[in-house]
Structures are given as structure tokens and as C-alpha cells.
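Structural characterization, general
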Amino acid sequence: MNSEIILNSQDIRNVLAQTDPFLFVEEANISKKFASSTYAISGKEFFLEGHFKDFPIFPASILMEAAGQLASLHMLFIMDYDLLNPEKLPIPVFSSTGRTSCHGICKPKDVLTIESYFKILRPPMASFNIKILNEKQEKLAYVENLFLTAVSPAELKSY
Amino acid sequence: MNTKDKSIAEIIREAFRGCDEETILAVIKYRETGEIDNIPEIVSSVIKRYTEPDFRHLFKDINKRGSLNLREDLELDSLTLFEIVVALEEGLGLNIDDTEVHQLENLNAVTEYIENLLKK
């Protein structure tokens with residue numbers, strides 16, 4: 001395993017099952033214990049038209065999705081997949097979270113920093129603590145004990 | 001915050017979040033003294049915390065509690081059992097073989113398994 005990798009947005013698109021318009025990690029810096037990523041809220045995201053009408057605010061549920069996407073990259077790295085030459089990757093899917101809290105509002109033009117702290121890997125599961133910050137390094141959200149399960153694409157399609 | 005930066009009490013509180021204060025204090029006491037008297041209550045409380053609300057009333061009858069079947073009575077799936085294993089590992093400072101835990105049928109069996117690990 002490399003001790004650390006940096007994934008650009010195209011690398012991330014090659015690795016994750018999610019893609020536009022539902023991709024919320026832009027570049028990712030990943031090591032075993034820690035991973036970080038950013039997402040700039042453009043204001044053009046489709047869901048901002050309805051959340052909320054007349055005043056767009058980035059939904060907490062999408063913050064959770066951003067947390068899950070970075071944790072997915074982190075998980076695949078820890079599972080020793082080559083993320084720069086991805087082949088036959090499983091898809092990490094959400095299992096559960098111990099506690100999620102939101103502490104601030106995110107609006108268009110804000111830049112989110114997402115941080116993932118690795119806790120435990122027991123294939124096919126892994127857990128992480130995720131922190132989401134704004135440009136002032138103020139905590140916007142904290143997802144504690146985010147559990148993901150790595151599932152094969154064939155298994156997912158069979159449901 | 002890294003695991004390294006946290007005190008044992010913080011790790012226990014995080015691992016057992018959602019359990020009652022009595023349980024958390026019992027775990028802290030175990031970590032301080034090594035006494036395993038409260039392990040049945042601790043195991044029961046952790047499993048109850050991960051059980052769907054509709055089934056939690058089953059834990060009220062202390063006499064029947066131990067024989068509750070993890071899958072049939074409490075409808076715990078393998079993913080939830082994994083979360084229970086991780087919580088017990090973190091809180092009690094153990095290494096648990098989750099393949100062995102998955103073979104355990106009821107609360108008494110889990111308690112006995114944990115107690116045996118702690119006695120080693």
C-alpha cells in the first residue's frame with residue numbers, strides 16, 4: 001500500500017460509483033489514518049432549487065453523502081485497492097452512523113473541507129469519523145462512527 | 001480528534017453512545033478495576049442499544065433476557081452484530097473474533113464469550 005495518494009477529480013470519477021450530478025468530493029488526499037477532500041458549492045446544484053425555495057442552503061443529507069463519498073475512497077485505499085488504476089472495485093454503501101450533528105449553514109460559494117478519520121476495518125465493513133468544516137475552519141457537521149459495507153456491483157444489481 | 005488524543009472515558013462514551021449512564025459508568029469501572037461483575041449488564045445494554053425500538057421491551061424481563069435469540073427474537077442482522085462487536089471492542093479494550101460472535105445465538109452466549117475473553 002502507498003503511504004499516501006492524491007486523487008484528482010477524474011481519478012475520483014474513475015473510482016467512485018457516484019458521479020455528476022451527485023458527486024461531492026473534488027480532490028482527495030488519502031493516507032491510512034486520515035483523508036481530506038474539498039467541495040466548492042457552485043450554487044448550480046439541482047437540489048438547491050428546492051432546498052429551500054427562495055434561499056438555497058446546502059442540505060444536511062448531502063453533507064452526509066459527501067462524508068460517505070470521502071469515506072468510500074478512504075475505505076478502498078485502506079483495503080489496498082489501487083485507486084490510480086482501479087479494477088474490479090467493490091462499491092462501499094452506507095450501513096449506519098452512531099451520531100450525526102450539524103453546527104452551521106452552508107451556502108452557495110462556500111468551500112467545504114471534509115476530513116475522514118479511520119477507525120476500524122473488518123472486511124467487508126469499515127468505520128470512520130467524519131468532520132466537515134468551512135473555509136474559516138468552523139465545524140459544520142460531524143458524523144461519528146460512519147459504517148460502510150463494501151459490496152460487489154453484481155451483488156448490488158441483483159437486488 | 002484522533003483516537004490517540006482521547007481519554008479512555010471519552011472512548012467509552014463514544015463507543016457506548018446511546019447506552020444509559022449506568023452502563024457507561026460500569027464500563028469505566030471495569031477499565032479501572034478489571035472487575036467483570038457488571039459484564040452481563042454491559043453486554044445486555046449494548047445489544048439493547050442496537051436493537052430496534054420495537055424489540056427493546058424484551059429486555060425488561062431479567063429472567064428471560066439471557067435467552068433472547070439475537071436473530072430470531074431481536075432480528076439483529078450481521079451488519080448490526082458487527083457494530084455491536086466494534087462497540088464492545090472499543091469500550092472494553094478487547095479484540096473480538098467477529099466470526100465467532102456471529103456463531104453465538106443468544107445474550108447469555110455473548111456474555112459468556114466476553115467474560116471468557118476478559119479472564120484471559
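Quantities reported herein were computed from a predicted structural model and do not represent experimental measurements.

The rules we used
- Residue numbers here run from 1 along each chain, matching the order of that chain's written sequence.
- The naming scheme follows written order: chains are lettered A onward, ligands numbered 1 onward.
- Owing to the predicted nature of the model, reporting of local features is limited to residues with pLDDT of at least 70; listing and counting of side-chain atom pairs is limited to 80 or more, with chain, interface and lining totals taken over all residues.
- Only heavy atoms go into the side-chain values, all of them from the structure, while hydrogens and water stay out.
- Helix numbers and strand numbers start at the N terminus; a helix is a DSSP run of H or I with at least 4 residues, a strand a run of E with at least 2.
- Radius of gyration here is computed from C-alpha atoms only, and the compact-globule reference equals 2.2 Å multiplied by the residue count raised to the power 0.38.
- For every residue, the accessible area (1.4 Å probe, protein chains only) is compared with the maximum for its type, and the residue is labelled buried under 20%, exposed over 50%, or partly exposed between those bounds.
- Residue contacts are defined here by distance: any two heavy atoms, one from each residue, within 4.5 Å place the two residues in contact.
- A simple way to read buried area is as the amount of 1.4 Å-probe accessible surface that goes missing from two parts once joined, with both sides added.
- Distance and chemistry together define a polar contact, namely a pair of N or O atoms within 3.5 Å, with one atom able to donate a hydrogen and the other to accept it when in protein, and with adjacent residues in sequence counting only for side-chain atoms on both sides.
- Without a salt bridge and with relative accessible area above 30%, a residue can belong to a patch; like charges are then joined within 9 Å and nonpolar side chains (Val, Leu, Ile, Met, Phe, Trp, Tyr) within 5 Å.
- Here, Shrake-Rupley sampling with a 1.4 Å probe gives the accessible areas, and only protein chains in the shown set may cover a residue.
- The term salt bridge refers to a side-chain nitrogen of Lys or Arg lying within 4 Å of a carboxyl oxygen of Asp or Glu.
- Positive charges are assigned to Lys and Arg, negative charges to Asp and Glu, while His and the chain termini are left out of the count.
- To locate a charge, the coordinates of NZ of Lys, CZ of Arg, CG of Asp or CD of Glu are taken.
- Between any two strands, pairing holds if DSSP finds at least two bridges.
- Between N-to-C directions, angles cover 0 to 180 degrees, with each direction set by a line fitted to C-alpha atoms, over the stretch in contact for helices.
- With respect to orientation, any angle under 35 degrees is reported as roughly parallel, any angle over 145 as roughly antiparallel, any angle of 65 to 115 as roughly perpendicular, and every other angle as oblique.
- Only Asp, Glu, Lys and Arg are considered charged, only Ala, Val, Leu, Ile, Met, Phe, Trp, Tyr, Cys and Pro nonpolar, and every remaining residue, Gly among them, polar.

Attention now goes to the overall build of chain B. Of regular secondary structure, chain B possesses seven helices and zero strands. If you list the helices and strands of chain B from N to C, you get α-α-α-α-α-α-α. Relative to its length of 120 residues, chain B is compact, with a C-alpha radius of gyration of 14 Å against a globular reference of 14 Å. Relative to its 120 residues, chain B shows a buried fraction of 47%.

As a further point, take the interface of chain A and chain B. The interface of chain A with chain B comprises 16 residues on the first partner and 16 residues on the second. Both sides together, the interface formed by chain A and chain B hides about 1400 Å², and carbon and sulfur atoms give 48% of it. In this structure, the connection of chain A to chain B is made through seven residue pairs in polar contact (both at pLDDT 80 or more). Listed by contribution, the elements that provide at least two residues to the side of chain A that touches chain B are strand 4 (91-102), strand 5 (111-122), strand 6 (125-133) and strand 7 (139-151) of chain A.

On to a negative patch on the surface. Residue and element names in this part refer to chain B. Among the surface-exposed residues, Glu52, Asp54, Glu75 and Asp77 lie close enough to one another that they form a single negatively charged patch. Relative to the elements of secondary structure, aspartate 77 occurs in the loop between helix 4 (62-65) and helix 5 (78-92). By relative accessible area, aspartate 77 is classed as partly exposed at 41%.

Within a sheet, each strand pairs with its neighbour through backbone hydrogen bonds, oriented either parallel or antiparallel. Residues and elements named next belong to chain A. Strand order in this open sheet of seven strands is 1-2-3-5-6-7-4, and the pairing throughout is antiparallel. Taken across any chain shown, the strands that pair with only one partner, and hence form the sheet edges, are strand 1 (4-7) and strand 4. Here the strands of the sheet are splayed against their neighbours by 20° on average, with no regard to which way each runs. Pairing between strand 2 (residues 28-31) and strand 3 (residues 34-40): three bridges, direction antiparallel. Residue pairing across strands places asparagine 29 opposite serine 36, the latter belonging to strand 3.

Another aspect to go through is unusual backbone geometry. Outside of glycine, negative phi angles account for most residues, and trans bonds account for most peptide bonds. Residues and elements named next belong to chain A. A cis geometry characterises the amide bond from aspartate 20 onward to proline 21, with omega recorded as 5°. Position of proline 21 among the secondary structure elements: in the loop between helix 1 (9-15) and strand 2. Here the residue pair proline 123 and proline 124 is connected by a cis peptide bond, since its omega of 10° sits within 30 degrees of zero. Structurally, proline 124 is set in the loop between strand 5 and strand 6. You will see that aspartate 80, though not glycine, has its phi angle at about 75°, which is positive. Its location among the elements puts aspartate 80 in the loop between helix 2 (60-78) and strand 4. Aspartate 80 sits in the partly exposed class, given a relative accessible area of 48%.

This next bit is on the environment of phenylalanine 59 of chain B. Residue and element names in this part refer to chain B. Within the element layout of this structure, phenylalanine 59 appears in the loop between helix 3 (39-49) and helix 4. Classification of phenylalanine 59 by relative accessible area gives buried; the value is 4%. Phenylalanine 59 sits 15 residues away from leucine 74 along the chain, and the two C-alpha atoms are 9.9 Å apart. With residues near it in sequence (within four places) discarded, phenylalanine 59 still touches Ser44, Ile47, Lys48, Thr51, Arg65, Leu68, Leu74 and Leu107.

What follows deals with the packing of helix 2 (residues 21-33) of chain B against helix 5 of chain B. Residues and elements named next belong to chain B. Close contact between helix 2 and helix 5 brings their axes to 10 Å; oriented N to C, the two are set at 50°. Relative to helix 5, the element helix 2 is oriented oblique. For the pair helix 2 and helix 5, contact is made by Val27, Tyr30 and Arg31 and by Glu90, Gly91 and Leu92, respectively. Here the contact of helix 2 with helix 5 is built from residues that sort into three nonpolar, one polar and two charged.

Residue and element names in this part refer to chain A. Within the secondary structure, serine 37 sits in strand 3. Look at serine 37 and you get buried, because its relative accessible area is 2%. Side-chain polar atoms of serine 37 contact the backbone oxygen of glutamate 27, separated by 2.8 Å. Beyond its immediate sequence surroundings of up to four residues, serine 37 is in contact with Val25, Glu26, Glu27, Ala28, Leu70, Leu112, Thr113 and Ile114.

Right, let's talk about the pattern of salt bridges for a bit. Per the counting criterion, the structure on display carries eight salt bridges over all chains. Among the salt bridges present, the one from glutamate 144 of chain A reaches arginine 17 of chain B, with a minimum N-O distance of 2.8 Å. Of the two residues, glutamate 144 of chain A sits in strand 7 while arginine 17 of chain B sits in the loop between helix 1 (8-15) and helix 2, which places them in two different chains. Classification of glutamate 144 of chain A by relative accessible area gives buried; the value is 2%. Judged by its relative accessible area of 30%, arginine 17 of chain B is partly exposed.

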